[in-house]
Amino acid sequence: MSVKVVKTAPIEGQQPGTSGLRKKTRIFMQTHYLENFIQATFNAIGGAKGKTFVVGGDGRFFNQPAIQTILKMAAANGAHKIIVGQNGLLSTPAASHLIRLNKTDGGLILSASHNPGGIDEDFGVKYNISNGGPAPEKVTDKMVVQTQTITEYKILNTANIDLGKIGIQNLANMQVEIVDPVADYQILMQQLFDFDQIKALFASGFTMRFDAMHAVTGPYATAILQDILGAQQGTVINAIPLENFGGYHPDPNPVWAKGLMDEMFSDQAPDFGAASDGDGDRNMIVGANAYVTPSDSLAVLVANAHLAKGYKAGLAGVARSMPTSSACDKVAAKMGIASFETPTGWKFFGNLLDAGKATLCGEESAGTGSNHVREKDGLWAVLLWLNILAVRKQSVAEILAEHWAEYGRNYYSRHDYEAVDSQAAKNLMADLIVQLPSLAGQSFAGLEVASADEFSYTDPVDGSVSHHQGIRINFKGEGRAVIRMSGTGTQGATLRVYLEQYVNQHADHFLEVQSALSAANKAILAISELPTRTGRNAPNVMT
Ligand code: G1P
Ligand code: ZN
């Protein structure tokens, strides 16, 4: 086993986005592409020598070959030990947990999350730091510099190791420990939730459907929901992880989990439905005839978390990304706990969680989580909902209706305009920024602009500042439109328009969502000139 030092040169475009480096799989498979990025990551953190890392992915096409390369590179760079999920599988939250549990120096998570998988689809690599969370910008900035100046990488000249064999193997002087991907995560969930109460709920005839979308949560959900908590066989569907996720988008929302939605809105609806994404960090929650938006789900979880044993002591605070609705702020205000508004992306929650300022966090993009790990956690959200349902003994629809009656409702929807011409999208944003100071006081589609700005965030823990985090336009009467460019897309630009309209406790809480938001939508389309600038008359996806 000899160490090969391979000469290389910088490759364009290796900047991590909202959540790691995401590209088309074929790009990652190009000579030196993955190797450059991994070596740049090691270089950026002061080398891998003597360090321990967690490595795993969501099982998509190229997952195992990429892991083999990473292991050989880690060994050649002098790493002490790598903990790997069996067959290369680890959900993102389980990887975060293993980093924390084993006090490792960090981890590499291979996933493009909810993007489709396959040789012609997407792949991704994300570096997480020792707190278990995605590398913050000060680390990714160093990685970028390294990708731009790299001249060589190190790799071991050796055969692949057996990723299926649980236990310790050696790769030169480095240990590789293959672990059951579910075991430690399951113990953590048992510590947080009242499994006996949830078991009793299932034993009483409560029915559920969990769509694992042929992605990584299949084994986790089967073990926890069916084998331990006693949900009926067949509760977990699409449970076998596939390299191409069965050809679908493993994105748990009403569009991509349409089969589950149809069942939940049918006469044979189970009591509770849920889904998770490619790498297991996102969640969708739906009751019989009751879809719960991620923003509402966060608010309900904040209001009820104390019903689960892991959160009995109450919450220090709640954090949400800026585009997420302010439903959870209303709950936090009533409970007298802090609420924080951060830029999009889980990496911005890490400091707040580490400092004990926030206990629960969430994003409108189906991400919810807590201080138990430093990633969002799909199955965790599902289990917290189950715990709440088991204690309150009410349906999802009843819980939602009571929530709105107590706090009012934040009607909410996100409209995505995908694969838009990049230059057109950039011009739209730039021209809109110029207009911002003059918008207040003007009316569009019957809504008067109360304030408009580009969101900047100053981290309350380390003082770091992040600019250009999306444009927000507040309307009089508690309506809002936000527009920002996606940082995870791999084709052209994706413009996201986020619409929100608050109505108080006594208003009608059961309007059709898009019609409740149509004024805010018309206003932002008029202000941004999105249809004429992009040639799009309707979004590709509405969630
Ligand atoms: C999207 C979501 C964001 C989430 C990220 C990673 O990023 O909007 O909330 O954290 O995926 O799952 P975007 O494409 O909008 O930059
Ligand atoms: Zn994900």
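Residues numbered from 1 in each chain as written. Chains lettered and ligands numbered in written order. Predicted model: local features only at pLDDT ≥ 70, side-chain atom pairs only at ≥ 80, totals over all residues. Heavy atoms only, no water.

Trainee: Which residues make up the overall build of the protein chain, and what values do they have?
Mentor: Tallying secondary structure elements over the protein chain gives 18 helices and 27 strands in all. For 543 residues, the compact-globule formula gives about 24 Å, and the C-alpha radius of gyration of the protein chain, at 23 Å, lands near that figure. If one aligns the C-alpha atoms of the protein chain with their principal axes, the spans along those axes are about 70 × 60 × 40 Å. By residue count, 58% of the 543 residues in the protein chain fall in the buried class. (Helix = DSSP H or I, 4+ residues; strand = E, 2+ residues; numbered from the N terminus. Rg over C-alpha atoms; globule rule 2.2 N^0.38 Å. Buried < 20%, exposed > 50% of the residue type's maximum accessible area, 1.4 Å probe, protein only.)

Trainee: So what's going on with helix α6 (residues 183-192)? Which residues, and what values?
Mentor: Taken together, the buried positions of α6 are Y185, L188, M189 and L192. The arc that holds every buried residue of α6, seen down its axis, measures 100°, which confines them to one face. The inward-facing, buried residues of α6 contact α4 (92-101), α7 (195-203), α8 (217-228) and α13 (378-392). (Arc of directions from axis to C-beta. Contact = heavy atoms within 4.5 Å.)

Trainee: Just give me the short version of the site of ligand 1, but keep the residues and values in it.
Mentor: For ligand 1, the set of nearby residues contains 15 residues, the closest of which are T18, S365, R484, T488 and R496. Here R484 contributes a side-chain N or O atom positioned 2.6 Å from an oxygen atom of ligand 1. At 2.5 Å from an oxygen atom of ligand 1 is found a side-chain nitrogen or oxygen belonging to R496. Within the complex, 99% of the 380 Å² of free accessible area of ligand 1 lies under protein. The residue inventory of the shell around ligand 1, partitioned by class, reads no nonpolar, eight polar and seven charged. (Near = heavy atom within 4 Å. Polar contact = N/O pair within 3.5 Å; in protein donor to acceptor, adjacent residues only side chain to side chain. Areas by Shrake-Rupley, 256 points an atom, 1.4 Å probe, with all protein chains shown as cover. Nonpolar A, V, L, I, M, F, W, Y, C, P; charged D, E, K, R; others polar.)

Trainee: Help me get a handle on the coordination of the zinc ion (ligand 2), residues and values and all.
Mentor: Within the protein, the zinc ion (ligand 2) binds to S113 (OG), D277 (OD), D279 (OD) and D281 (OD); these donor distances fall in the range 2.0 to 2.1 Å. Geometry at the zinc ion (ligand 2) is irregular, judged from its four donor atoms and the angles of 85 to 160° they form at the metal. Mapped onto the sequence, the donors of the zinc ion (ligand 2) take the spacing S-x163-D-x1-D-x1-D. You'll find D277 and D281 in the same group, each marked buried. (Donors = N, O, S within 2.8 Å, 3.2 Å for Na, K, Ca; no water. Tetrahedral: all angles 85-135°; square planar, octahedral: opposite > 155°, others 65-115°.)

Trainee: Give me the sheet that holds strand β14 (residues 290-292): which residues, what numbers.
Mentor: The strand order across the open sheet formed by five strands is β11-β10-β12-β13-β14, and the pairing between neighbours is mixed. Every interior strand has two partners, whereas the edge strands, β11 (236-237) and β14, have only one. The sheet contact formed by strand β10 (residues 208-211) and strand β12 (residues 272-276) spans four bridges and is parallel. Residue pairing for β12: D211 is matched across the bridge by A275. (Pairing = 2+ DSSP bridges.)

Trainee: Go over the packing of aromatic side chains with me, naming the residues and quoting the values.
Mentor: Summed over all chains, the structure comprises 13 aromatic pairs. Taken together, a centroid distance of 5.1 Å and an interplanar angle of 70° make the contact between F62 and F123 edge-to-face. Of this pair, F62 sits in the loop between β3 (52-57) and α3 (63-76) while F123 sits in strand β6 (residues 122-128); the two residues are 61 residues apart in sequence, bridging distant segments of the chain. Residue F62 shares its accessibility class with F123, and that shared class is buried. Note on Y311 and W380: the rings are 6.2 Å apart at their centroids and 80° apart in plane angle, and the pair reads as edge-to-face. (Phe/Tyr/Trp six-rings, centres within 6.5 Å; stacked < 30°, edge-to-face > 60°.)

Trainee: Can you tell me about the pattern of salt bridges, naming the residues and giving the values?
Mentor: Going through the model one piece at a time under the given rule, you end up with 27 salt bridges. A salt bridge links R320 to E341; the nearest nitrogen and oxygen atoms lie 3.3 Å apart. Of this pair, R320 sits in strand β15 (residues 317-321) while E341 is found in strand β16 (residues 338-342), placing the two residues 21 residues apart along the sequence. Residue R320 is classed as buried on the basis of its relative accessible area of 5%. D453 is the salt-bridge partner of R472, the closest N and O atoms lying 2.8 Å from each other. Linking R472 in strand β24 (residues 471-475) with D453 in strand β21 (residues 447-454), this pair joins segments that are 19 residues apart in sequence. (Salt bridge = Lys/Arg side-chain N within 4 Å of Asp/Glu carboxyl O.)

Trainee: Give a detailed account of the sheet that holds strand β4 (residues 81-89), specifying residues and quantitative values.
Mentor: Strand pairing within a sheet occurs via backbone hydrogen bonds; the two strands may be parallel or antiparallel. Overall, mixed pairing links the seven strands, which are arranged β2-β6-β5-β3-β4-β9-β8 in an open sheet. A single partner strand is all that each edge strand has here, and the edge strands are β2 (21-24) and β8 (167-171). Direction aside, neighbouring strands of the sheet carry axes that sit 20° apart on average. Here β2 pairs with β6 via four bridges, running antiparallel. Bridge pairing in β6 links R22 to G124. On the sheet, α3 packs against β3, β4, β5 (106-110), β6, β8 and β9 (174-179) and is oriented at approximately 170° with respect to β4. Packed onto the sheet, α4 meets β3, β4, β5, β6 and β9 and runs at close to 165° relative to β5. (Axes fitted to C-alpha atoms, helices over the stretch in contact; angles between N-to-C directions.)

Trainee: Account for the pairing of β6, with residues named and values stated.
Mentor: Burial analysis of β6 places seven of its seven residues in the buried class, which makes it a mostly covered element. Going residue by residue along β6, you find D122, G124, K126 and N128 tucked away on one face and F123, V125 and Y127 tucked away on the opposite face as well. By the bridge criterion, four bridges tie β5 to β6 in an arrangement that is antiparallel. Bridge pairing in β6 places I109 opposite K126.

Trainee: Tell me about the pairing of β8, residues and numbers included.
Mentor: Taken together, the five bridges between β8 and β9 define a ladder with antiparallel strand orientation. Looking at the pairing, Q169 lines up with V176 of β9. The hairpin formed by β8 and β9 contains two residues between the paired strands, and A172 there has a positive phi angle of roughly 50°.

Trainee: Please set out the packing of helix α10 (residues 294-304) against α13 residue by residue, giving values where relevant.
Mentor: It is the contact of α10 with α13, at a shortest axis distance of 11 Å, that shows an interaxial angle of 55°. Judged by the angle between their axes, α10 and α13 are oblique. Our pair here, α10 against α13, has a crossing hand that is left-handed. Between α10, through S297, V300, L301 and N304, and α13, the contact on the second element is made entirely by W380, L384, W385, I388 and R392. When the residues that make up the contact of α10 with α13 are grouped by side-chain class, the tally is six nonpolar, two polar and one charged. (Parallel < 35°, antiparallel > 145°, perpendicular 65-115°, else oblique. Left-handed = near helix turned anticlockwise from the far one by under 90°.)

Trainee: Kindly report on the side chain of D58, identifying the contributing residues and their values.
Mentor: Position of D58 relative to the elements: it lies in the loop between β3 and α3. The class of D58 is buried, set by a relative accessible area of 1%. Reaching out from D58, the side chain makes a polar contact with the side chain of R60 at a distance of 3.0 Å. A distance of 2.8 Å separates polar atoms of two side chains, one belonging to D58 and the other to S111. Ignoring anything within four residues of it in the chain, the contact list for D58 reads N63, L89, L90, L110, S111, A112, S113, V216, F245, G278 and D279.

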